[in-house]
Amino acid sequence: MAKAYDYIIVGGGSAGLVTAAGLVDAGAEVLLLERGGARTNPIMHFPAGYMKFLAKDTYLAMHQTEPQPLLDGRGPIVPQGKVLGGGSAVNAMVYMRGQPGDYEDWNAALRGAGNSDPGWGWDALLPHYVAQEDNDSLGGAAHGTSGPLKVSHLGHTSEMTRAYMKTLQDMGIPYTPDFNDGTLHGVGLMQHTLDWKTRRRCSADDAFLKPRRGAANLTVITGALVDKIVFEGSRAVGVAYRSGSAAQTAHGREVLLAAGAYQTPKLLMLSGIGGEAALEPHGIATRIALPGVGENLQDHYECPVVATTNGAYGYYGQDRGLKMLKAGIQYLLFKSGPVTTTGVETCAFLDPRGDNARPTIQMFCVPTVYLDRDVMGADPGHGVTINSLLLRPKSRGRVRLRSADPDAMPVVDTQIFAEQEDLDRTIEGLRFARTILDATPMRELIEREIFPGADVTSDEALATHCRRTVKTGYHPVGTARMGHDADPMAVLDADLRVRGTEGLRVIDASLMPNIVSGNTNAAVMASASRAVERILAAPQRRKTEPA
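For clarity, every value in this text was computed on a predicted model and none was experimentally measured.

Procedures and definitions
Residues numbered from 1 in each chain as written. Predicted model: local features only at pLDDT ≥ 70, side-chain atom pairs only at ≥ 80, totals over all residues. Heavy atoms only, no water. UniProt positions renumbered as here; feature names shortened; annotations may be inferred. Helix = DSSP H or I, 4+ residues; strand = E, 2+ residues; numbered from the N terminus. Polar contact = N/O pair within 3.5 Å; in protein donor to acceptor, adjacent residues only side chain to side chain. Contact = heavy atoms within 4.5 Å. Axes fitted to C-alpha atoms, helices over the stretch in contact; angles between N-to-C directions. Left-handed = near helix turned anticlockwise from the far one by under 90°. Nonpolar A, V, L, I, M, F, W, Y, C, P; charged D, E, K, R; others polar. Salt bridge = Lys/Arg side-chain N within 4 Å of Asp/Glu carboxyl O. Buried < 20%, exposed > 50% of the residue type's maximum accessible area, 1.4 Å probe, protein only. Pairing = 2+ DSSP bridges. Right-handed = clockwise from strand over helix to strand, strands pointing away. Patch = residues over 30% accessible without salt bridge, like charges linked within 9 Å, V, L, I, M, F, W, Y side chains within 5 Å. Areas by Shrake-Rupley, 256 points an atom, 1.4 Å probe, with all protein chains shown as cover. Phe/Tyr/Trp six-rings, centres within 6.5 Å; stacked < 30°, edge-to-face > 60°. Lys NZ or Arg CZ within 6 Å of the ring centre and 35° of its normal.

Section: the UniProt feature "domain: Glucose-methanol-choline oxidoreductase N-terminal" (unreviewed entry) in the protein
- Mapped onto this structure's residue numbering, the UniProt feature "domain: Glucose-methanol-choline oxidoreductase N-terminal" (unreviewed entry) falls at residues 81-104 and 260-274.
- This span, residues 260-274, is 73% helix and 13% strand, and a straight line between its end C-alpha atoms measures 16 Å.

Shown next as C-alpha cells:
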C-alpha cells in the first residue's frame, strides 16, 4: 500500500522550503517534489558566483517570453531557479521587504467591501520576517538576530558605490541605514542573504531544508516533474509526477503549489483549473472555472543609463585572468575581497516627482558597463550603469499553456509598457539618473555617457531607448492571486485555498495581488511562513491510505 502524506509540496524554491520546514516541525508527513537537482557547484555558494550561471540552464529554466509589439518585437528571456533553493540559490541575494503600503494593498484586495482584517498587512507579516532572520548588524523590533536565515551587508564595496551614495546625499536624498524597517526612502547599502561568518550565500536550502534533512517525516525527491494534480471530485488528493522515466502518483491530504509564478498557473491549467477560453484550445476539460489563473502577471522592469569612467572604480575585468585568480585566493584564504560582493551593493528608493512617502523607482548602481555590445553599440569596460527599476508597474501580463504537454514551457506574455504611465515613470527615472552622473562627487569619476548618449534627450527618443533595452528584474508574481469572495478574478482566498477546490493551496509568489516595492525573495519567504501559520490553524482532515 502506497504511503499517504499529510502535505505534498510542489516546488523546492524559497516558498516550498520555508513551508516544508514549518510543517515538518509541526510533526506533519511532508513530501517535497523539485524538478531540478541539488546544488553541486561550490562556486554557487560564493557571493559573486551567481554571475557565472546567469546565462546557463544548469540551474535555471529559461523562459523565452512572447514577442512584444510595444517593444518592437522583443521578448526578454526570464530565467527562473531550477534547483533546490530555487531563486534563493542563484539570485543576487538582495534582502528587501518592500513598503508597508504594499501589504495594505494585499489586505485591500482581500477585504473588498468588508471591514475585517484579512491578516496579510505589514503588521501580520513582520513577525514572520523577524522570526526568520539572523541579522549581523540590525536589531530592534523590525529585525531578528536568532533565526535560520543569515542576513548581512556584503564584504566589499567599490569606490563607485561609495561615490554614488555620497552624490545622492549631496542631492538631498537621505542616507538610509535600514531599508527593511518600513521606511523605504533614501540611498544606502543593501543587505543580502549572506552568512557574515563564512561569507557564503545563505539560500532557503541552507536556512530551512538542510537542518531538517534527516527528519523521518520529510521526503525530498529531486528531478521530479509534476504533470498534474490528482482529484477526487473537487478535492485534490495527490499529484502525478515523473522521476526519471518512471511515472508515479503521490497521495496526500493537501497539495501545496510552490512552483513559481510561471509554473504554478501552468500546473493548475493542466489540471483543469482556469478559464475555459484558456483550457479548451488544448483539449483540457474545465474542472474548476477560474478565469484569474495565469492573469495578473507582474514583474519589475528596469532601463539603464551607462557611462564610461576615467579610471577603474568598479569590477570590470575582475572575473577573468589573474585578477580573478587573485580574488579567488583572497576569498578562500581570508573571506574578503571582490568575491564577497555580488557587484551591486547600493541602491536608492526615490520618486522623481517628489513623493518621498511612497517612492516609485529603485535605482541601482552597477559599477561597470553592464550591457552587451550588440545592444549598446560599445564594448564593455570601466564604467557605471545606473538602472531605474519601476517598483509598482500598472501593466499586467498573463501566463497561458503552450499545449497540453506537461513538458512544454508556458506562454509568458509580459505586456511591458502596456500602460503609458509605466513608460512615463521609467523615463523620469532615466532623467534623474543623468542628474546623478552630473553631480559631485560622481561627475569627477565620469568620462562620458555612452548609452543612450547625451544627444538622446526627447521623451520620444528616451521611449525608444526604453523599448530597446528594458529588462526584467526577475521578480514575476501574481498569477494566482488572493482576493475577496466577490472578485471573479481571485484564484485564492485569504487562507491561500484555490477557490472551488478542497485540499489545494498556492504558497508561492503567484499569490500576490500586487508586487512588492523591491526584490521579492524576502517577501516570498515571509508569505510562506504566514501560509504555514494559516494551514496549521485550519481544521485537519484525516489522511486516507490509497488502495
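What follows continues from the structure just given.
Quick look at the side chain of Asn 296
- With respect to the helices and strands, the residue Asn 296 is situated in the loop between strand 15 (288-289) and strand 16 (301-309).
- Among the polar contacts listed, one links the side chain of Asn 296 to the side chain of Gln 298, at a separation of 3.2 Å.
- Leaving out residues up to four positions away in the same chain, Asn 296 has contacts with Arg 396, Gly 397, Val 477, Gly 478, Arg 481, Met 512 and Pro 513.

A word on the packing of helix 1 (residues 14-25) against helix 12 (residues 521-537)
- Close contact between helix 1 and helix 12 brings their axes to 8 Å; oriented N to C, the two are set at 35°. For the element pair helix 1 and helix 12, the recorded crossing hand is right-handed. Residue-level inspection shows Ser 14, Ala 15, Val 18, Thr 19, Gly 22 and Leu 23 of helix 1 in contact with helix 12, the latter providing Asn 521, Val 524, Met 525, Ala 528, Ser 529, Val 532, Ile 535 and Leu 536.
- Residue classes in the contact of helix 1 with helix 12 are distributed as 9 nonpolar, 5 polar and no charged.

Details of the pattern of salt bridges
- The final tally for this structure, using the stated rule, is 31 salt bridges.
- Measuring nitrogen to oxygen at the nearest pair gives 3.6 Å for the salt bridge that ties Arg 398 to Glu 295. One end of the pair, Arg 398, is in strand 20 (residues 398-400); the other, Glu 295, is in the loop between strand 15 and strand 16, with 103 residues separating them in the sequence.
- The shortest N-O distance in the salt bridge between Asp 495 and Arg 497 comes to 3.3 Å.
- A cluster of three or more residues bridged by salt bridges with shared partners is formed by Glu 295, Arg 398, Arg 400 and Asp 413.

Here's the deal with the pairing of strand 2 (residues 30-34)
- Extensive coverage of strand 2 is indicated by the burial of 5 of its 5 residues.
- Of the two faces of strand 2, both are covered, the one formed by Val 30, Leu 32 and Glu 34 as well as the one formed by Leu 31 and Leu 33.
- Taken together, the 4 bridges between strand 1 (residues 4-10) and strand 2 define a ladder with parallel strand orientation. Bridge assignment links Ile 8 to a residue of strand 2, and that residue is Leu 31.
- Read as a crossover between parallel neighbours, the route from strand 1 over helix 1 to strand 2 is right-handed.

A short note on a nonpolar patch on the surface
- Taken together, Leu 322, Leu 325, Ile 329, Leu 333 and Phe 334 make up a surface patch of nonpolar side chains, about 590 Å² in accessible area.
- Relative to the assigned elements, Phe 334 resides in helix 8 (residues 321-334).

Observations regarding the packing of aromatic side chains
- Throughout the structure, instances matching the rule amount to 6 aromatic pairs.
- Measuring from ring centre to ring centre gives 4.8 Å for Phe 46 and Tyr 331, while their planes differ by 55°; the resulting arrangement is tilted. Taken together, the residues Phe 46 in the loop between strand 2 and strand 3 (60-64) and Tyr 331 in helix 8 connect sequence positions 285 residues apart. An identical accessibility class is assigned to Phe 46 and Tyr 331; each is buried.
- Ring centres of Tyr 103 and Trp 106 lie 5.0 Å apart, and the angle between their planes is 65°; this geometry places the pair in the edge-to-face category. Taken together, the residues span about one helical turn, with Tyr 103 and Trp 106 both in helix 2 (residues 100-111) at a distance of 3 residues.
- Tyr 103 sits in the buried class, given a relative accessible area of 0%.
- Across the ring face of Tyr 316, the terminal group of Arg 320 is positioned such that the distance to the ring centre comes to 5.2 Å.

Observations concerning unusual backbone geometry
- Between Thr 440 and Pro 441 the backbone carries a cis peptide bond, its omega angle lying at 5°.
- You can see Pro 441 is positioned in the loop between helix 10 (420-437) and strand 22 (446-451).
- Backbone geometry places Asp 72, a non-glycine residue, at a positive phi of 60°.
- Inspection of the secondary structure puts Asp 72 in the loop between strand 3 and strand 4 (77-81).
- For Asp 72, a relative accessible area of 63% puts it in the exposed group.
- At Arg 199, a residue that is not glycine, the phi angle is positive and equals roughly 55°.
- Residue placement: Arg 199 occurs in the loop between strand 8 (194-195) and strand 9 (200-201).
- By relative accessible area, which is 16% here, Arg 199 ends up buried.

A look at the environment of Pro 304
- Position of Pro 304 among the secondary structure elements: in strand 16.
- Look at Pro 304 and you get buried, because its relative accessible area is 3%.
- Along the sequence, Pro 304 and Val 24 sit 280 residues apart, while their C-alpha atoms lie 44 Å from each other.

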